[in-house]
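One letter stands for each residue in the lines below.
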Amino acid sequence: MGKIIGVANQKGGVGKTTTAVNLTCALHLLKKKVLLVDADPQGNATSAMGAEKNRVKAGTYQVLMGGDPAESVIPTKYGRLMPSNRALAGALIELVDMEGREYILKNALEKLKESYDYILIDCPPSLELLTLNALVASETVLVPVQCEYFALEGLTDLMGTVRLIRRKLNPALEIEGVVLTMYDSRTNLSMQVAAEVKKFFKDKVMRTVIPRNVRLSEAPSHGKPVMAYDYASRGSQAYLSLAREFLERNEKG
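In this report, the structure presented in the accompanying data block is examined. (Residues numbered from 1 in each chain as written. Predicted model: local features only at pLDDT ≥ 70, side-chain atom pairs only at ≥ 80, totals over all residues. Heavy atoms only, no water.)

## Notes on the side chain of Thr 161
Argument step 1. Within the secondary structure, Thr 161 is located in helix α7 (residues 149-168).
Argument step 2. Classification of Thr 161 by relative accessible area gives buried; the value is 6%.
Argument step 3. Residues within four places of Thr 161 in sequence aside, it is in contact with Gln 10, Leu 127 and Leu 135. (Helix = DSSP H or I, 4+ residues; strand = E, 2+ residues; numbered from the N terminus. Buried < 20%, exposed > 50% of the residue type's maximum accessible area, 1.4 Å probe, protein only. Contact = heavy atoms within 4.5 Å.)

Structure (structure tokens):
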């Protein structure tokens with residue numbers, strides 16, 4: 001039975017989609033059956049997995065509108081994908097009047113769980129119905145945090161959201177882990193932010209730190225995860241290390 005993990009942070013530009021895509025690819029390379037659900041109308045995860053978002057016939061939008069989830073999954077070289085495009089933005093309006101609107105994605109993904117080891121959901125960088133659907137569907141949430149001052153404010157907002165969802169919609173939601181991204185060991189700020197995050201989250205902070213890396217920034221424009229773009233790069237090796245740590249935490253015993 002697969003585990004569903006939301007990759008979320010209400011602050012944009014923290015490496016959320018980069019983490020969702022590259023962790024998916026790394027788990028795929030490590031022979032795990034993995035599905036990435038793109039729940040962001042921007043569709044950046046879809047493009048980064050090598051899919052053409054303007055040609056999406058069925059994806060996350062169709063699933064939220066009651067379509068068969070199995071028919072909305074496509075194969076890629078880097079793992080399986082439930083794609084997204086701008087049509088998903090329309091779901092925000094259409095979901096408003098639906099009964100049980102916060103549980104639609106959860107009910108759909110429950111039908112797919114047995115087919116995968118892990119299902120990762122790339123959440124939008126805001127708190128609205130798409131993010132709520134993703135976090136209600138998730139068993140845990142993985143939080144990428146950029147090593148800069150304002151990232152700590154975004155983290156406080158996200159924890160407030162998680163507490164609210166636990167109280168109202170998904171009492172079992174747990175923190176999977178916190179991933180420090182865009183880390184620059186040459187700056188005091190990166191080290192200070194890392195220290196603050198570790199003080200608050202303790203052993204929930206992943207040991208693996210994702211460095212600032214040009215190859216990580218370039219890879220999406222080529223429609224590839226960084227492992228397919230430059231396997232030897234620091235960014236690629238960091239995400240492979242993160243995937244191994246993720247599996248060590250999930251599969252121990």
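## Digging into the packing of aromatic side chains
The relative placement of two aromatic rings is captured by the distance of their centres and the angle of their planes.
Argument step 1. Counted according to the given criterion, the structure contains 2 aromatic pairs.
Argument step 2. A ring pair is formed by Tyr 118 and Phe 246, whose centres lie 5.0 Å apart and whose planes are at 70 degrees; its orientation type is edge-to-face. Pair noted here: Tyr 118 is in strand β5 (residues 118-122) and Phe 246 is in helix α11 (residues 234-251), with a separation of 128 residues, a long-range link.
Argument step 3. Tyr 118 sits in the buried class, given a relative accessible area of 5%.
Argument step 4. Overall, Phe 246 belongs to the buried group, its relative accessible area being 1%.
Argument step 5. Relative to Phe 201, the ring of Phe 200 has its centre 4.8 Å away and its plane inclined at 80 degrees; by these criteria the two rings are edge-to-face.
Argument step 6. Given a relative accessible area of 55%, Phe 200 falls into the exposed group.
Argument step 7. On the basis of relative accessibility, which here comes to 9%, the residue Phe 201 falls in the buried class. (Phe/Tyr/Trp six-rings, centres within 6.5 Å; stacked < 30°, edge-to-face > 60°.)

## Considering the pairing of strand β1 (residues 3-7)
Argument step 1. In terms of burial, β1 is largely enclosed, as 5 of its 5 residues are buried.
Argument step 2. Every second residue of β1 is oriented toward a common face, with Lys 3, Ile 5 and Val 7 on one face and Ile 4 and Gly 6 on the other, all of them buried.
Argument step 3. Alignment of β1 against β5, held across 5 bridges, turns out to be parallel. Within the sheet, the bridge partner assigned to Val 7 lies in β5 and is Asp 122.
Argument step 4. Bridging between β1 and strand β6 (residues 140-146) involves 3 bridges; their strand directions are parallel. What sits directly across from Ile 5, in β6, is Thr 140. (Pairing = 2+ DSSP bridges.)

## Regarding the sheet that holds β6
Argument step 1. Strand order across the open sheet formed by 7 strands is β3-β4-β2-β5-β1-β6-β7, with mixed pairing between neighbours. Strand pairing shows two members of the sheet lacking a second neighbour, β3 (74-76) and β7 (174-181), which therefore form its edges. Mean inter-strand twist for the sheet, computed between neighbouring axes without regard to direction, equals 25 degrees.
Argument step 2. With 7 bridges joining them, β6 and β7 adopt parallel strand pairing. Within the sheet, the bridge partner assigned to Thr 140 lies in β7 and is Glu 174. (Axes fitted to C-alpha atoms, helices over the stretch in contact; angles between N-to-C directions.)

## A closer look at a nonpolar patch on the surface
Argument step 1. A grouping of Tyr 149, Phe 150 and Leu 189 is seen on the molecular surface, where their side chains present a nonpolar patch of about 330 Å² in accessible area.
Argument step 2. Looking at the element boundaries, Tyr 149 is found in helix α7. (Patch = residues over 30% accessible without salt bridge, like charges linked within 9 Å, V, L, I, M, F, W, Y side chains within 5 Å. Areas by Shrake-Rupley, 256 points an atom, 1.4 Å probe, with all protein chains shown as cover. Salt bridge = Lys/Arg side-chain N within 4 Å of Asp/Glu carboxyl O.)

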